[in-house]
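Here is what each chain is made of, one letter per residue.
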Amino acid sequence: MDVTLSTSSIRTVTAAVALVVLVPVLRTLYRWLVKPHLSLRNVPGPPIDNLIFGNLKQIFNEDPAVPQERWYAQYGPVFKYKAFFGNNRLVTMDLRAVSHILSHSFIYQKPDMARFNLSQLLGHGLLSVEGEKHKQQPTQSPAFGPPQIRALTSIFVEKANQLRDIWLSNIASQNADPGTLEQSKINVLPWLNKATLDVIGLAGFNYSFDALNPDDVPNELNESVKILFSSMRGFRLFPALQALIPPLRLIPTERTRLLANAQQTMSRIGKQLLAEQKAEIKAQATGEGGGTTIGRKDIQGKDLLSLLVKANMAGDLKEELRMNDFDVLAQVPTFLIAGHETTSAAVTWALYALSLYPEVQDKLRAELLAAQPPPSADHDGDDGVTMEFLSSLPYLDAVTRETMRVFSPVSGTIRVATEDDVIPTAREWVDKHGVRQNSIHISKGDTIFLPILAINRLEDIWGPDAKEFKPERWEKIPSAVEDIPGIWGNSLSFSGGTRACIGYRFSVIEMKALIYTLVRSFRFSLAFEPSSLKFKSFLVTKPFLADELDAGPQLPLWVSPLKDGGEC
């Protein structure tokens, strides 16, 4: 009798354990292999290209936005393509639908796969968190307001001047006759990367990377950033599967080891910087008022981290907005990566466009040379070039806007619906059965891709020359542009809604400072055939040469120093 009971008990426990294990597995299999094929069934789209990768490898192998533009022409403003294992992924280029998605950020969040990929690169910072954690964004907002960017402009200009002087020195050393000013071939991308890294080091953390040092001496934080970005190159199967299937993330690889080491270095230095900032703020509060209470009106300082720490320590800050030390530290990689990679890529594309269209370069240079910064009692290394001065130059502004429109460093963003929803559309679209629709029915779990670059270049908005680089278009923009739900520049390059880039002012003024300094000092022309250029997107879109893909991103240009007056 006892044996029978024991056997029965074992069978019961075994069945219960099997049920506990099997139900989540079956639920996961249903979510990944069955439900995605049932959702969005009426939405048209291209045939699947690969049973495992869907249309993803096809998208990866083409330049950013090109597949979406082709499918838009074929299927209209609402279509789908296949992701992993044939999962449907919605794409919409209807501006009302895009605005709805971006303005309902608590329904449409970054999917787990995207958050995992971003967290490996950026940690658990602002770009990789959702929900309640993202509500803490207001704590960071004071660091990116106009007064703070005004104070940081001198750093932008100082580093732009340092880059200019290095190029002048390098060109002079390469020429046999020191009395001549000859052109030299320079791969401008890594140099711009170093300049913007130095900027975010000083402006973000009061930390000197010294990436522009003449001897190219490595810096451990700089090396960690390089490791993080090099890990993102290429379409690799196992990292993709790890992002897709959470249990696989437990399997260590050489890539995960390198990423972990880089994150540890950034965390260690970040803790040191955070401790120094908090100690300094407390000392100031004690010394100035005899107390330790800090109000948000007392927030002063220059670098972004000190402003963030002060805002977070303010006694009048609501508790739900307050960040713990872990949350503050999590912003360090975000500031580092997002704060310099996107800007260096944007300025690289600006120099490419100016080299491709020399008449635009000449027109811009004429404006920059004619403009005179206002007299200043304390230039602080900025030559009198202020935020207001850079913002007052209309053609520089047009070139900056057109660069971000045509060459948006971030080509797209992905969302997942956390609940059922109906997305309204401005235009009717035709489903796969030929029925006209004026809304999109979304089920919980559906993923949506917003093709930022393709929307920026829509001919329906900008006209038949939408893909051309024409800064003059900003003299009189089409009325349809007003419907683009972007935070800046009548484009989606900095996104829109509550998830828009809070550092857009920082990036725009830094871009303008670099372009202003370099175009006044040099003439740029292409050192390669334009047809050999490839656009590859690994978080940000960078230029590659078709016959040198293994060499990594690059943009070799002929750089010619200019004499006073703008002549070579």
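Structure shown above.
Not measured: the values here are computed from a predicted model. (Residues numbered from 1 in each chain as written. Predicted model: local features only at pLDDT ≥ 70, side-chain atom pairs only at ≥ 80, totals over all residues. Heavy atoms only, no water.)

Participant: Sorry if this is basic, but what is going on with the packing of helix α13 (residues 325–356) against helix α19 (residues 504–521) here?
Facilitator: Helix packing for two helices is described by the angle between their axes and how far apart those axes are. Between α13 and α19, whose axes approach to 10 Å, the crossing angle comes to 40 degrees. Between α13 and α19, the crossing angle belongs to the class labelled oblique. Considering the relative orientation of α13 and α19, their crossing is right-handed. Here α13 contributes Gly-339, Thr-343, Ala-346, Val-347, Ala-350, Leu-351 and Leu-354 to the contact with α19, which in turn contributes Phe-506, Ser-507, Glu-510, Met-511, Leu-514, Ile-515, Leu-518 and Val-519. Taken together, the residues of the contact of α13 with α19 sort by class into eleven nonpolar, three polar and one charged. (Axes fitted to C-alpha atoms, helices over the stretch in contact; angles between N-to-C directions. Helix = DSSP H or I, 4+ residues; strand = E, 2+ residues; numbered from the N terminus. Parallel < 35°, antiparallel > 145°, perpendicular 65-115°, else oblique. Left-handed = near helix turned anticlockwise from the far one by under 90°. Contact = heavy atoms within 4.5 Å. Nonpolar A, V, L, I, M, F, W, Y, C, P; charged D, E, K, R; others polar.)

Participant: Even after reading the chapter, I still don't get the environment of Ile-337, so can you show me in this structure?
Facilitator: Its place among the elements puts Ile-337 in helix α13. Ile-337 gets classed as buried once you look at its relative accessible area, which sits at 2%. As a C-alpha pair, Ile-337 and Ile-200 span 137 residues in sequence and 9.0 Å in three-dimensional space. (Buried < 20%, exposed > 50% of the residue type's maximum accessible area, 1.4 Å probe, protein only.)

Participant: Help me understand helix α3 (residues 66–75), please; the structure alone is not making it clear to me.
Facilitator: Residues spaced three or four apart along an α-helix face the same direction, because each turn holds 3.6 residues. Among all positions in α3, only Pro-67, Gln-68, Glu-69, Trp-71, Tyr-72 and Tyr-75 are buried. Turning to α3, the residues buried within the fold contact α2 (56–61), β1 (78–82), β6 (421–430), β8 (447–450), α17 (452–456) and α18 (459–462). Within two residues after α3, Gly-76 carries a phi angle of roughly 100 degrees, on the positive side.

Participant: Explain the environment of Phe-469 here, please?
Facilitator: With respect to the secondary-structure elements, Phe-469 resides in the loop between α18 and α19. Each C-alpha atom, one on Phe-469 and one on Tyr-357, is 8.3 Å from the other, the two residues being 112 residues apart in sequence. Excluding residues that lie within four positions of it along the chain, Phe-469 makes contacts with Ala-353, Tyr-357, Val-360, Val-399, Glu-402, Thr-403, Val-406 and Phe-407.

Participant: Is there a simple way to think about the nonpolar core in this case?
Facilitator: Considering soluble globular proteins, one finds that nonpolar side chains tend to be buried as a cluster. With 142 residues, the main nonpolar core has Leu-163, Trp-167, Leu-336, Leu-364, Ile-442 and Phe-506 as its most contacted residues. Sorting elements by how many residues they give to this core places α13 first, with 14 residues. If we ignore the near neighbours within four places in the chain, the residues touching Trp-167 are Ile-186, Val-188, Trp-191, Leu-518, Phe-522, Phe-524 and Val-559. (Core = buried A, V, L, I, M, F, W, Y, C linked by side-chain atoms within 4.5 Å.)

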